[in-house]
Amino acid sequence: MRKIHYRCLIVALLLGLGMVQAQSSKTADLTKRLHVGDSFVPPASVQLIRGLEKRIDWKQLEDKVVLLDFFDTSCATCIQTMPKLQRLKDLYPDKFEVITVTWQDRNTMTRFFSKNTFLKEQGVNLSVIYSDLYLKSLFPHQTVPHAVLLYKGKVKAITSSGFITEENILRLYEHGSIQLPLKDDYGRRDLLANQSSDSRQFKLGTIITDYQDGVPYRSWKFELDSVTGLYKSSIYNASLFTALKAIVSKGKLNKSNYIPRMDRVIWKVRDSTIYYDFAKENDWRIRHGICYERYDAIQRNDSVQAQIVREDLEDFFGVSVYEGTYKMKVLSLISTDIKPYKAPKGVEAMVYLGTTVFAGFMDLSEEFPPIVDGVKSELEIKIYPYKSLEQLNEQLASYGIKAVHSEKEIEVLFIEEI
C-alpha cells in the first residue's frame, strides 16, 4: 500500500515527474561513445528475456528502424511509454523493432514484470536486454528514458522518448535520415564558451540564444560558476512558458499550492504556440526553444534572483507572467453524508494523507477539471482503482466527501504580451 505525503507531492512538482537518474559514475568513460552518423557495432552477445525472439540477429535488423530504449524499473515515464512502443512495434512489424535495455539484473527484471499489472493489462512483451554494460558504453547517459534509433547499421538519432512517434519512425524508414533534438546528458551547459570573446575576460551580462543542440534541458538554476567565479542563472532548451513557470515557482509568486496545469493558464497573446508545444511537434523545440545565461557579481537568494531573471525575459520577449483569478469549471471536494464502502479484495490502494494531497495528485493526473478542496481534511484516504467519477465518489463517501462539478473563481497564471 503506497502512502502519498504532501512533501512528496511538492518534491515531485519541483523536480519533474518520470525521468530518473540512471545508475552511472560521475566520471563516465566517454571514449567509446557513438554519435549520430556513426556505425553501430553490435555486441557479440546479450542476456535476453521476454519478447518473441530467443536471440537478436543484429544483421537482419538492419532493414528495420531499431529503437534501443534504455530504462529503469524506478522510472515512471519509462514504464508508461512501453505500451505505446508495443503498439508501434505491432503496427509496423516489418519496419520497426523495439529492444529495451537495462543495467539491472535478471532477478530484478523477472520480479518486476511478474508484479506489474499495468504492463500485463496493456499486453506489453518487449525484448529486454538485462545486465547491460556494452550498449550503455556506446550510448552513455545519466537519465532515463534514453532513446537511440538505429537504421541500416548507423546511429540515426539519440533523443528523448517523446520523439519516438509513428511519424518519425516512418520518416526515418522511408528517407533514411531524420533530425531530432539530441539528448546528451554529458553535454556542456555553457553558452559563454561558445561566444567569440574569451570567457576569462567576461565580467557581467546576459546571453540569450535559440535552441542549442545537445545541451541538456534545464528550466532554471542559480549557482556559482566555477569558470568565471560569477553567479550564473541558466535556462537551456526550454519553452518560454516552462521557463517562466519555473521562475514563478522559485520566485515564490505562487503563494498557494495549486498546480499550474495548462488549463489553469490564461493566454493573452497573439500566438500561444510559440510559447509552448501544444501539438507536440517534432521540431518545435528546435524552432522555439530558448537558452539563457545571466552572470552576476553578487549572490542573491532564489526568490530575488528569480524576479530579476523574470524581468530579463519579460523585457527581451515582451511578455509578462502574473497570477490572478478566473472563473472556470472545476471539480469541488465537498462534505456529504458518510456511506460505507466495501473495499475490493486483492487490490492495492493508494493512500493519501489528507484531502489537500489527494486534490494535488488528482490535479497532476489531469483526469478531471482542476480540483478545489473545500473539505480540508487530514484524514488518511484510501483510493482503489476506479473508472468513473461515480466509482470514485462511492469511495470518497466513506470519508464523508463528494466530488462535484461546479464553476468557481480559482487562481490561475496569466501569460500576456506587453
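Residues numbered from 1 in each chain as written. Predicted model: local features only at pLDDT ≥ 70, side-chain atom pairs only at ≥ 80, totals over all residues. Heavy atoms only, no water.

> Mind showing me how you'd approach the overall build of the protein here?
The helix and strand tally for the protein stands at eleven helices and 19 strands. The 418 residues of the protein split such that 47% are buried. Looking at the protein alone, contacts between residues at least 24 apart form 77% of all its contacts between residues at least 6 apart. (Helix = DSSP H or I, 4+ residues; strand = E, 2+ residues; numbered from the N terminus. Buried < 20%, exposed > 50% of the residue type's maximum accessible area, 1.4 Å probe, protein only. Contact = heavy atoms within 4.5 Å.)

> What is the right way to read the confidence of the model for the protein from this model?
Predicted coordinates in regions of low pLDDT should not be interpreted in detail. Per-chain confidence: the protein averages 88 in pLDDT, with 88% of residues scoring 70 or above. Here residues 4–18 is modelled with pLDDT under 50, and outside its nearest four sequence neighbours on either side it reaches 26 contacts, counting other chains as well. (pLDDT = per-residue confidence, 0-100.)

> When you look at the environment of Ile286 in this model, what are you seeing that I'm missing?
Locating Ile286 in the fold gives a position in helix α8 (residues 284–288). Ile286 sits in the partly exposed class, given a relative accessible area of 26%. Once the C-alpha coordinates of Ile286 and Asp213 are considered, the two residues, 73 residues apart in sequence, prove to be 7.9 Å apart. Excluding residues that lie within four positions of it along the chain, Ile286 makes contacts with Gln179, Pro181 and Tyr211.

> I'm lost on the sheet that holds strand β19 (residues 401–417) in this one. Help?
What links the strands of a sheet is backbone hydrogen bonding, and the strands pair in either a parallel or an antiparallel sense. Read across the open sheet, the four strands follow the order β13-β19-β15-β17; overall the sheet is mixed. Edge strands, defined here as strands with exactly one partner in the open sheet, are β13 (265–268) and β17 (371–373). With strand direction ignored, the average angle separating the axes of adjacent strands in the sheet is 35 degrees. Where strand β15 (residues 319–335) lies against β17, three bridges are found, and the strand directions are parallel. Opposite Leu333, over in β17, you have Asp373 as the bridge partner. The strands touched by helix α7 (residues 240–250) within the sheet are β13, β15 and β19, with β15 carrying the most contacts at an inclination of about 75 degrees. (Pairing = 2+ DSSP bridges. Axes fitted to C-alpha atoms, helices over the stretch in contact; angles between N-to-C directions.)

> Is there a simple way to explain the pattern of salt bridges in this structure?
A side chain of one charge can pair with a side chain of the opposite charge when the charged atoms of the two come close. Applying the stated criterion across every chain, the model contains 19 salt bridges. Across the salt bridge formed by Arg171 and Glu167, the nearest N and O atoms sit 2.9 Å from each other. Note that Arg171 and Glu167 are positioned in helix α6 (residues 166–175) at a spacing of four residues, about one turn of the helix. Here Glu417 and Arg270 are joined by a salt bridge, their closest N and O atoms 3.1 Å apart. Here Glu417, found in strand β19, pairs with Arg270, found in the loop between β13 and α8; they are 147 residues apart in sequence, far enough to count as distant. (Salt bridge = Lys/Arg side-chain N within 4 Å of Asp/Glu carboxyl O.)

> Help me out: how do you make sense of the environment of Ile338 in this one?
On the secondary structure map, Ile338 appears in the loop between β15 and β16 (350–353). Sequence-wise, Ile338 and Ile401 are 63 residues apart; in three dimensions their C-alpha atoms are separated by 7.6 Å.

> Honestly, the sheet that holds strand β11 (residues 218–224) in this entry has me stumped. Any pointers?
One open sheet holds the four strands; their spatial order is β10-β14-β12-β11, and the pairing between them is antiparallel. Each having just a single partner strand, β10 (205–210) and β11 make up the two edges of the open sheet. Across the sheet, the axes of successive neighbouring strands diverge by a mean angle of 10 degrees, strand direction being ignored. With six bridges connecting them, β10 and strand β14 (residues 290–296) associate as antiparallel partners. Across the sheet, residue Thr209 finds its bridge partner in β14, namely Cys291. Where α7 meets the sheet, its contacts fall on β11, β12 (231–238) and β14, and the angle it forms with β11 comes to roughly 50 degrees. On the sheet, helix α9 (residues 302–317) packs against β10, β11, β12 and β14 and is oriented at approximately 130 degrees with respect to β14.

> Please explain the packing of aromatic side chains as it appears in this structure.
In this description, an aromatic ring pair is defined by two values, namely the gap between the centres and the angle between the planes. Enumeration according to the criterion identifies 15 aromatic pairs in this entry. Between Phe112 and Phe113 the ring centres are 5.0 Å apart and the planes differ by 75 degrees, which places this aromatic pair in the edge-to-face class. Judged on exposure class, the residue Phe112 and its partner Phe113 are both buried. Ring centres 5.5 Å apart and planes at 85 degrees place the aromatic pair Phe241 and Tyr276 in the edge-to-face group. Of this pair, Phe241 sits in helix α7 while Tyr276 sits in the loop between β13 and α8, placing them 35 residues apart in sequence. We classify Tyr276 as partly exposed; its relative accessible area is 22%. Put simply, the rings of Phe241, Trp267, Tyr275, Tyr276 and Phe278 pair up and form one aromatic cluster. A cation over a ring is seen here: Arg50 above Phe113, with NZ or CZ 4.0 Å from the ring centre. (Phe/Tyr/Trp six-rings, centres within 6.5 Å; stacked < 30°, edge-to-face > 60°. Lys NZ or Arg CZ within 6 Å of the ring centre and 35° of its normal.)

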